[in-house]
Amino acid sequence: MQFMLLFSRQGKLRLQKWYVPLSDKEKKKITRELVQTVLARKPKMCSFLEWRDLKIVYKRYASLYFCCAIEDQDNELITLEIIHRYVELLDKYFGSVCELDIIFNFEKAYFILDEFLLGGEAQETSKKNVLKAIEQADLLQEVSHHEGSRFVD
Amino acid sequence: MALKIVKGSIDRMFDKNLQDLVRGIRNHKEDEAKYISTCIDEIKQELKQDNIAVKANAVCKLTYLQMLGYDISWAAFNIVEVMSSSKFTYKRIGYLAASQCFHEGTDVIMLTTNQIRKDLSSPNQYDTGVALTGLSCFVTPDLARDLANDIMTLMSHTKPYIRKKAVLIMYKVFLKYPESLRPAFPRLKEKLEDPDPGVQSAAVNVICELARRNPKNYLSLAPLFFKLMTSSTNNWVLIKIIKLFGALTPLEPRLGKKLIEPLTNLIHRLVITLHRASVEKNVCLIGLVLPIVCVCVCVSNAVLISLSSGMPNHSASIQTVPHCLYVSLVTVKYLGLLAMSKILKTHPKSVQSHKDLILQCLDDKDESIRLRALDLLYGMVSKKNLMEIVKKLMLHVDKAEGTTYRDELLTKIIDICSQSNYQYITNFEWYISILVELTRLEGTRHGHLIASQMLDVAIRVKAIRGFAVAQMAMLLDSGHLLTGNMQRNGICEVLYAAAWICGEFSEHLDDPMQTLEAMLRPKVASLPGHIQAVYVQNAAKLFATVLQKHEGATDSQAAQDTSQLLIERLPLFVQSANLEVQERASCILQLVKYIQKLQQKDVEVAEEVSALFAGELNPVAPKAQKKVPVPEGLDLDAWINEPPSESESEDEKPKAVFAKEEPKQSRARHIEVDEKELARRREARKQEQANNPFYIKSSPSSQKVYQDAPGVEHIPVVQIDLSVPLKVPGMPMSEQYLKLEEERRQKERADKKKKDKKKKKREKRGKGKRDDSGPESEEDITPAHQVDIVTEEMPENALPSDDDDKDPNDPHKALDIDLDKYVPSAENTLHKVTVCMLHAEKQGDLSITRHFLVFLVPLLVQKSLKNKKKKQKKEKDEKKKKKRHHHHHHHGDGGGGDSVQNGTVEEEEEEEPLPVSRFLPITEQKNTVYDIQGNLQDGSQVVVSVIFENKSNSFLKSMEFNVLDSLNSKLQRPEGASPHDGLVVPFQLPPGVSNEARFVFSVQSIVMPQKLKGTLTFIVKSEDSSTHEKLDFKLHFTCTSYLITTPCYSDAYAKLLESGDLKSSSLKLEGLNMPFHHLLARICFHHHFSVVERIDSCASMYSRSIQGHHVCLLVKTVSS
C-alpha cells in the first residue's frame, strides 16, 4: 500500500499515512486531486478506481471516506478488507466510533493504524492482538503520565 | 530548579492541549488561517521551554496542523528532542510526528540514528515497537545501512510483537539498502516457520513482495511455501502464497504438477461457493470469494500452460465468473471484469462469447467499470470483430463526457487497432478514416498519438499511400478547424503528420497546387513552431512536384505562378519567431527566387529541384540504434584521452593524519603517440565511418547512398486491385467501410463457395465440414488490400535482447539478487561460528542488540567442505584486502597487533579439521542457533543466548549446556557449582519446536580472540526408546566481534586521530575485485564498523569495543 487517507464528505482531511517518501508538496497535490475525484463519484459506484498508475480503493463509512492507494499487482479486495478491519478496530477502541472521535483523538487513530499496518503491509490480522497492544501501550502512557504529574506536584 | 518546574507546571495549565486546539479551529471557521497562525506562535513559545511535557504537547499539536496542510518542517529538531525523551508517552508522540513529516530530504534524520538504535534495543517492547513503526515511514538509505544489523537482530527477538514488526520493516530496509538482503535472508526464511502466526504472515508478506519482483531467486523456497499453503488457515496468507506461486510456476514446470491438486481442490470448493452465491445473488459472499478465485484461476492457468493439459473444474470457474456481471452491485461487476481480463489471457474464446455483455459495460455510469471493460475489449478483438467493436467505441467517443474518459477511449481505439503490428486490420483505408474522424474530437491531448499513427501507417503500408495522401490533403485544406486547440499534444499535431505525408508522397496528390496553397495560408503562422517548420519544408517538396508536373508542358505559366506564390507567402515564415521555421523559410525562399530567375530564362529546373528530395525514407525501429552491435575490437569504456588526473581529490584525503602512507603507485604510463600513429588511426577511423551506415558523412553523396542502399527496391509490394474507389468525396465515413467490408466478405464467401465446388483442394483448408452459412473462421477473412506492412528496419546482425523494457530506475531491480548463490555463502555465515561474532551494543540499560548466527549445520558443511574452504579463504582475503588497519587504544597495551592477530587466528581456524562426522547424527535431529550478546553495562560480561530447535521427530529433554572455561572467559554458573558443571537448559523440546536459553560469560580481556569448546548433552526420546546424545560445539569470539557499531562524526574523528593516542598499522591486500561500496558494506556488516566519511574509493571508518577502545580504519583502493 502506498498511502491511506481519511477525509470527510466536505473534503477535510482527517488522517493521512504515507508509506512512500514524498515531499509535502507532492503529498498535498495528490491529496487534493484524490479527494476531488473520490468525492465526485456517486454513491452507487464501485469502490475501485484507477488513478495514475495506482489503484485507489475507497469506502465510505457515514460521513468519512477511507481511501487507500495500492499498486497494480496488489489485491483490491484485501485492501477493502484492510479498510474495514481498521474501521472495526476504531469502532472497538472508541466504542461506536464517529468522525469526532477521530478528529479529537487523531493521534490514537494513528497509533491504532500503526499497530495494524506497518510499512504498508498488514502486520497483524488478529483484531484482539492489535487492541491488546494498544491497550498496553496506553497503560504504559497512563503510568508514565501519572508518575510525571506526581513529580510535578 | 524546583521553581522552574513549578513555573513550568503553572504554564502548562494555560497551555492549549490538542483538544483545545481542535475545538478552537472548529470555532474559528471564518478566520481559520489567522487563528492557526496565532496557535503556531504559541507553539513556538512552548517549544522554547525546557519542560519536555510542554514540548511534546506542542509537537502533538503540530502534527495535527501538519495534517491540515501547514508546514512544520521548521520544528524537525524539536521533534527529534521529543523522540529522545525517555518517557514512552512523549516518545510515542515524537515518533508519530516524525513519521508524518520526515522524508528523505529532512536533514535532522541523520541525528536520529543513535536514538533509534537505542530505542530499538530498549527493554520495553513498546519503545522498540514505536521506533520500528516510525522508522518504517522515514527510513533513508543511510539509516537502512546503519540500522540493518540492529533490525536483523530484532527479527529473533523473544517477543513476537517485535519480531513481526522487525520482519516487515526489513522489506523497507532491503529497498533502501539492497546489500542487506543477502545476509538477512536466511533469518527471514527461518521466520516463515515462526511459531507465532503474526510473524509468519509478516515473513510471507515480505518474501512474497520480494519474490513477486524477482521470482526466479525464490524458487528454492517453493517446497516451504507449498507446506505453508496446505497447512495455513489464514486467508490473508493464503492469498499471498497463491499469488507467489502464480509468479513461480512459469519458471518451474514441475511446481505446476505439484500445485494442481491442492489448487483444484481449492478452486472447486470456491467455485461451488461462488456459484451458489451468484445464484442466490448473495453479493457479499461473491465479493469475498471472487478474489481468491481470480488469483487461483490465474495461477492454475499458468499451471495449465506449463502442463498443457486440461482440468475439468477449471472450465467451471470460467463459466461462473461472467455470472457476476448480472449482479447489480458495481463492486462485484468490477471484480468480474477484472477476473475476465485475467482469464482472457489464456482462454480468449470463453471470454469472447460475452462480448455483448462487456460492450454493455461501456454504458455504465461508473468510469472504473468502463475502463475495465475497455481493457477487456483490447484483448478480445479479432480480424472479424475489429470493425464492429471500433464502431461501438466511436459511438461512445461521441457521447462520452469528460475529456479524460474520452482520451482514454481514443488511446484504446488506437491501441486496439495497432496491436501486434496491425494484426487485426484488414482494411487500412478504414483505419485511416477512423484516424481522420478522431481528429474531430475536441480538446483531446492525444494529437501526437494520432499523428504518429498516421505517419506510421502511411510510411509502412505502401499500398495505402494514395488514399492517405488524399485524406491528408483534405485535412490540410480544413486545417483551420483543427487549430482551435493550440496546446502541446493538442489535435493540431495531426497537421504535422498531414503536411509531412502530403509532401513526402506528393506524387500521389491529384492537385498539388491546391494543397500547396493550403499549406501557405497566413493562418498557418499561428501553429506551433515545429509544425510550421514541417509545413515550410514540405511546401518545398510540393513545389518540386508541381514543377515536375508542369515541366515540358507548353504553358510554363502554371509553374511560374507557383514560384510566385511561394515568393509571396514565404516571407511570412521568414519573420517567424521560431528559429527552425525562420531558417528553413529563408533558405527555401532564396532557392525559389533563384529558380524563378531560371524559369524566366526558360531553363528546365524540375529535375534538379526534385533531386533535392529524392530517395525514400525507410522506417527505422525505435530500438535500432541501441541494437547496433559493437564492432569487434572496439571498447566503448576505454578512455579516448588520458583520464583527468586524480591528484586533486587525493589531496583532500586526510592522509597526513596517518603516520605511514604507502608510496604512491605510479600511474598508468602515458602512452607516447607519434604523428605516424595518429595518422594511421585517423585513416582507420575514416574507414570505419565509411562502413558505418549510421555515421553521417561529410561527403555530399549521402543521398545517393540511400538510393543505392539495397532493400528498398527489394521490398515486395504487391500491386492491388482496389475494390473501393480511391477518391472519396468529402470526408470519409468509416461506417461505410463497415458496410463495404460486409459486402466484400459476402462476395468473397460466395466466390469461395464457387471455388470450393471447383477445387477439391480447398477443402483441406476449410476442414471439409465448414458450414458456409456459419460464421467464418479467422483465417478465412482475407484483407481487402493485399497489404504489405513494411517492417521497421533494424541494423544488420542486431543483437537480440530482452531487457529492453526493464526500467533501470525500478528500486526492485537492485533486489534482484540470486539467493541461491547464497547457499555457499550461507555456509560462510554458518561457518561464522568459527568467526563467531560477538555483537554488543552500547546501552544505557541492560538491553542488548543481538546477533543470531546459524550454527552447526554439518550436513551442509560436509557437503561443501572443499567448496567452503575455498570460499572462506576468499572471504578472509576480502577482509584483509586493501585494508589498512589502524587500531588505536587508549591504553596502549597490546593493542598494536590486533588486526594482524585477527587475521592469523582466522587462518588457524581454517586449518583445523572440522569435526563433521561427529556432529552429523545429532544435528540431523537438532539445529542450534546462537545469539551472543555483549553486556556493556558490565564491560566484561557477555550474554550468549542460544536458540535450540528440534528438527527431528523425537522429543528432546534434559538438556545440559556446558563450556570448558578458559583463563580469559568463564561461563557463569550458579554459586556453589564447580567449574565443570553444566547448566541445565530450563525447557524440553517437542519435535519441530524451538526455544531460547541464555548463558552469561565473563570475559577478562577483549584484545585477543578466543575459542571456547563446549558440549550439549540431551536425551532423545522416541516412542520406543530413549538415548543419551551429545553435541559438541565451539564458540569463537574474535576481536572484531567485540566491536559495537558506533557512529562517529567527522570532526570528532579528526580530533581522535590528531590526539596521537592511537597506535597504527597497515595492511595491503591484492587480487581483489569487488566493488568498493560492497566491500564497505561487508566491513560494516560483519565487523561492526560505521562509515565516517567516504571520498571516492577511500573511506574512513570507526568503531569501538565494548570496553571503550577506539578503532579507526582507513580503507582505500590503490589502483594497480
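Refer to the structure above for everything that follows.
For clarity, every value in this text was computed on a predicted model and none was experimentally measured.

Conventions and cut-offs
Residues numbered from 1 in each chain as written. Chains lettered and ligands numbered in written order. Predicted model: local features only at pLDDT ≥ 70, side-chain atom pairs only at ≥ 80, totals over all residues. Heavy atoms only, no water. Helix = DSSP H or I, 4+ residues; strand = E, 2+ residues; numbered from the N terminus. Buried < 20%, exposed > 50% of the residue type's maximum accessible area, 1.4 Å probe, protein only. Contact = heavy atoms within 4.5 Å. Areas by Shrake-Rupley, 256 points an atom, 1.4 Å probe, with all protein chains shown as cover. Buried area = accessible area lost by both parts, 1.4 Å probe. Salt bridge = Lys/Arg side-chain N within 4 Å of Asp/Glu carboxyl O. Polar contact = N/O pair within 3.5 Å; in protein donor to acceptor, adjacent residues only side chain to side chain. Nonpolar A, V, L, I, M, F, W, Y, C, P; charged D, E, K, R; others polar. Patch = residues over 30% accessible without salt bridge, like charges linked within 9 Å, V, L, I, M, F, W, Y side chains within 5 Å. Lys, Arg positive; Asp, Glu negative; His and termini not counted. Charge placed at Lys NZ, Arg CZ, Asp CG, Glu CD. Axes fitted to C-alpha atoms, helices over the stretch in contact; angles between N-to-C directions. Parallel < 35°, antiparallel > 145°, perpendicular 65-115°, else oblique. Left-handed = near helix turned anticlockwise from the far one by under 90°. Pairing = 2+ DSSP bridges.

Points about the overall build of chain A
Next up, step 1: Tallying secondary structure elements over chain A gives five helices and seven strands in all.
Next up, step 2: Going from N to C terminus, chain A has its helices and strands arranged as β-β-α-β-β-β-α-α-α-β-β-α.
Next up, step 3: Burial analysis of chain A (153 residues in total) assigns 58% to the buried set.
Next up, step 4: For chain A, restricting intrachain contacts to residue pairs at least 6 apart in sequence, the fraction spanning at least 24 positions comes to 48%.
Next up, step 5: For chain A, the exposed area adds up to about 6,700 Å²; of that, 52% sits on carbon and sulfur atoms.

Describing the overall build of chain B
Next up, step 1: Per the secondary structure count, chain B includes 46 helices and 15 strands.
Next up, step 2: Counting all 1120 residues of chain B, 51% fall into the buried class.
Next up, step 3: Nonlocal contacts in chain B, meaning residues at least 24 apart in sequence, comprise 72% of its contacts between residues at least 6 apart.
Next up, step 4: Split by element, the accessible area of chain B, about 54,000 Å² in all, is 53% carbon and sulfur.

Looking at the interface of chain A and chain B
Next up, step 1: If you look at the interface, chain A gives 60 residues, while chain B gives 58 residues.
Next up, step 2: When chain A packs against chain B, the two sides together hide about 5,900 Å² of surface, and 57% of this comes from carbon and sulfur.
Next up, step 3: Summed over the three residues of chain A that lose the most area to chain B, namely Phe104(A), Phe106(A) and Leu118(A), the buried surface amounts to 11% of that side.
Next up, step 4: Here Asp138(A) and Arg92(B) are joined by a salt bridge, their closest N and O atoms 3.0 Å apart.
Next up, step 5: At the junction of chain A and chain B, the tally comes to 15 residue pairs in polar contact (both at pLDDT 80 or more).
Next up, step 6: Secondary structure elements with two or more residues in the side of chain A that touches chain B: β2 (13–18), α1 (24–40), β3 (48–51), α2 (76–94), α3 (99–104), α4 (106–116), β7 (121–122) and α5 (127–152) of chain A.
Next up, step 7: Top element by residues in the side of chain A that touches chain B is α5(A). It accounts for 11 residues.
Next up, step 8: Along the lines of polarity and charge, the residues of the side of chain A that touches chain B split into 27 nonpolar, 12 polar and 21 charged.

Looking at the pattern of salt bridges
Pairs may arise between side chains of opposite charge once their charged atoms sit close together.
Next up, step 1: On inspection of all chains with the given rule, the structure shows 32 salt bridges over all chains.
Next up, step 2: With its nearest N and O atoms 3.8 Å apart, the salt bridge here joins Asp20(B) to Arg23(B). Here Arg23(B) and Asp20(B) lie together in helix α2 (residues 18–27), a separation of three residues that amounts to about one turn.
Next up, step 3: Here Asp20(B) falls in the partly exposed class, since its relative accessible area comes to 32%.
Next up, step 4: Residue Arg23(B) is classed as partly exposed on the basis of its relative accessible area of 41%.
Next up, step 5: Its salt-bridge partner being Arg569(B), residue Glu517(B) comes within 3.6 Å of it at the nearest N-O pair. One end of the pair, Glu517(B), is in helix α29 (residues 512–519); the other, Arg569(B), is in helix α31 (residues 557–574), with 52 residues separating them in the sequence.
Next up, step 6: Linked through salt bridges whose partners overlap, the residues forming this network are Glu50(A), Arg372(B), Asp375(B), Glu408(B) and Lys412(B).

Quick look at a positive patch on the surface
Residues and elements named next belong to chain A.
Next up, step 1: Together, Lys25, Lys28, Lys29 and Arg32 make up a positively charged patch on the protein surface.
Next up, step 2: Within the secondary structure layout, Lys25 lies in helix α1.
Next up, step 3: Judged by relative accessible area, Lys25 falls into the exposed class, the value being 72%.

Section: a negative patch on the surface
Next up, step 1: A contiguous patch of negative charge, built from Asp602(B), Glu604(B), Glu607(B) and Glu608(B), is present on the exposed surface.
Next up, step 2: Within the fold, Glu607(B) resides in helix α33 (residues 606–611).

Here we look at the packing of helix α4 (residues 52–67) of chain B against helix α6 (residues 88–101) of chain B
Residue and element names in this part refer to chain B.
Next up, step 1: Where α4 contacts α6, the two axes come as close as 9 Å, and the packing angle between them is 30°. The angle between α4 and α6 places the two elements in the roughly parallel class. In this structure, α4 meets α6 at a crossing whose hand is left-handed. Here Ile52, Ala53, Ala56, Val59, Cys60, Thr63 and Gln66 of α4 come into contact with α6, specifically with Tyr90, Ile93, Leu96, Ala97, Gln100 and Cys101.
Next up, step 2: Class assignment for the residues of the contact of α4 with α6 results in 10 nonpolar, three polar and no charged.

Here we look at the sheet that holds strand β5 (residues 64–70) of chain A
Residues and elements named next belong to chain A.
Next up, step 1: In spatial order, the strands read β2-β1-β5-β4-β3; together these five strands make up an open sheet with antiparallel pairing. The sheet is open, and its two borders are formed by β2 and β3, each paired with just one other strand. Recorded for the sheet is a direction-independent mean angle of 20° between the axes of neighbouring strands.
Next up, step 2: One ladder, built from six bridges, connects strand β1 (residues 3–8) with β5; its direction is antiparallel. Bridging across to β5, Phe7 finds its partner in Tyr65.
Next up, step 3: Each of β1, β2, β3, β4 (54–61) and β5 is contacted by α2, which is oriented at about 35° to β4, the strand it contacts most.

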